[in-house]
Every structure is written in structure tokens, then in C-alpha cells.
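Structure assessment
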Amino acid sequence: MTAEKLSQDALKRAVAAAAVEYTLTRIDDKSIIGIGTGSTANCYIDLLAAHKAKIYGTVASSEASAERLRGHGIPVYDLNAVDEVTIYVDGADETNPHLELIKGGGAALTREKIVAAVAREFLCIADESKWVDHLGTFPLPVEVVPMARSHVARQLVKLGGDPVYRLGVLTDNGNVILDVHHLCPISPARELEEKLNNITGVVTNGLFALRPADVLMLGTADGVKIVYAKD
Ligand code: 5RP
């Protein structure tokens, strides 16, 4: 493992530890915690496990995270069985200073967006490599109904993107992913998010701008920074 990868992992663990402490100040004995997907979310799950006696329940944004939670003995509920999600904690592929995000590198964007929509508070956790001034260097994931793949790809080209089919990947919902390159700078992100939502055959896109994060914990070499959205 390279030194860079090692230090990125250390930043992920530091930010996950800070997020666990933050979560404990937000929950009561009936709270449901929304749990994201990816390597940073996995660090969070593993550290949260030490406090499982204080956790009433969770909802997960992927089968992988649900399995990891259950492996730690943490209860996982179906989202339809809960009235409210107190806090949703998840990573990101990119975040800008408005806390608009690109997500979906792990193909879980649809369930992530659903849990974020339900959550009272969305805490994003990321290492500093995810911080950008303008979204779009990371290829934007778009979840698509399989039979609509070519149609959606043509519409994405009309919008100036360069869609690439993520081979061998099926989402938890049985759909495929197109990763859209060359969209940087995405601005305004809300506008593009709406446009992409309106393409027939698109299930979800990985822009989280209409519902951005409320707070970001960013793991940096100088420690974990708490960032609130810039207006
Ligand atoms: C999964 C996601 C993840 O949050 C995103 O890919 C970041 O992952 P990691 O924490 O492994 O860097 O959106 O769909």
C-alpha cells in the first residue's frame, strides 16, 4: 500500500470517529440513524459498533452496508417501517463549498438519495481529497433502467457529457450505471440535477444539490474540520 493511500485511510478513520461522536450527541433512545455506503461509511459503521447499546436502529443505503451493520449486531430497519431518520451519515466522491455533492462511486446513489431525502440532518464525511471548488472532475454516476441505456446515453451527449457504461455493475435496484465524464464545471448543480432527472429512463443521478449535505466533516492533515454550507 502506498503512503498516500495509507494517509487517506487514516483521514477516513479520523473523520469517521468524529462523526460517531457527533452522532451520539444527536440521537435518543428511539432514533433511527441513516447509514451510507463506501469505505468512509464502513469506517463509521465499524466505530459505531462500539456504541451499539445506545442505538435503537438504522436504515442502510445499500445491501452491503446493511450486511455490515447486521454483522456488528446493529439492528437494520426497512425505510418504510420508520417514521423518521434523525441523521444520515455518508461519504461523497466530491463536495463543493455549498456542500453540493457528487455521489455514487459505489453505485448506491439511488438509495443514498432516498435516505438523505428522509433524514432530518445529513452529515457528509470525507477526506480532503474530495474537496473541490467546482463539481464534475469525478465522472457523474447516473443510474439507468437497463433498456433505456442507449437512449439516456444519447441525451447525456446532447448535454455535453461523455457517458461511459460501468461494465459488470448492477445496482441493488437491478439497474445499470453510466458515468458521465467531461461535465466540469457543473454549475448551477441544481439545474443539471433537475435536467438529468427529467430524462426518461434515468432513475437517479449522483448530484446531491437539491438536497445537499447540512454539515461536512472533512478529514485533513491538520485535523477534522467542520464545514457548514456557504450561501
Ligand atoms: C457510494 C458513494 C460513496 O459515498 C462515495 O463513493 C465515497 O466513497 P468512499 O468513502 O469509499 O470514498 O456515493 O455510492
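A brief look at the structure comes next. (Residues numbered from 1 in each chain as written. Predicted model: local features only at pLDDT ≥ 70, side-chain atom pairs only at ≥ 80, totals over all residues. Heavy atoms only, no water.)

1. Description of the environment of A53
Take A53: it is sitting in the loop between α2 (39-48) and β2 (57-60). You can call A53 exposed: its relative accessible area is 82%. Separated by 124 residues in sequence, A53 and I177 place their C-alpha atoms 38 Å apart. (Helix = DSSP H or I, 4+ residues; strand = E, 2+ residues; numbered from the N terminus. Buried < 20%, exposed > 50% of the residue type's maximum accessible area, 1.4 Å probe, protein only.)

2. Description of the nonpolar core
In terms of nonpolar packing, the biggest core is built from 25 residues, with I33, Y44, L123 and I125 touching the most fellow members. Elements represented by at least two residues in this core include exactly α1 (3-26), β1 (32-35), α2, α3 (63-71), β3 (85-90), β6 (119-127) and β12 (215-220). Per-element tally for this core: the top contributor is α1, with five residues. In this structure, I125 is in contact with V15, A19, T40, Y44, V89, D90, G91, A92 and M217, ignoring residues within four places of it in sequence. In this structure, V152, I186, A189 and I199 belong to the second largest nonpolar core, which totals 22 residues. (Core = buried A, V, L, I, M, F, W, Y, C linked by side-chain atoms within 4.5 Å. Contact = heavy atoms within 4.5 Å.)

3. Considerations on the pairing of β1
Alternating positions in β1 separate into two faces, I32 and G34 on one and I33 and I35 on the other, with burial throughout. Taking the sense of rotation as the criterion, the β-α-β connection linking β1, α2 and β2 turns out right-handed. Judged from the three bridges that link them, β1 and β3 form a sheet pairing that is parallel. The residue of β3 that forms the bridge with G34 is Y88. (Right-handed = clockwise from strand over helix to strand, strands pointing away. Pairing = 2+ DSSP bridges.)

4. A word on the packing of aromatic side chains
On inspection of all chains with the given rule, the structure shows three aromatic pairs. K113 extends its terminal NZ or CZ atom over the ring of F208, reaching a point 5.2 Å from the ring centre. (Phe/Tyr/Trp six-rings, centres within 6.5 Å; stacked < 30°, edge-to-face > 60°. Lys NZ or Arg CZ within 6 Å of the ring centre and 35° of its normal.)

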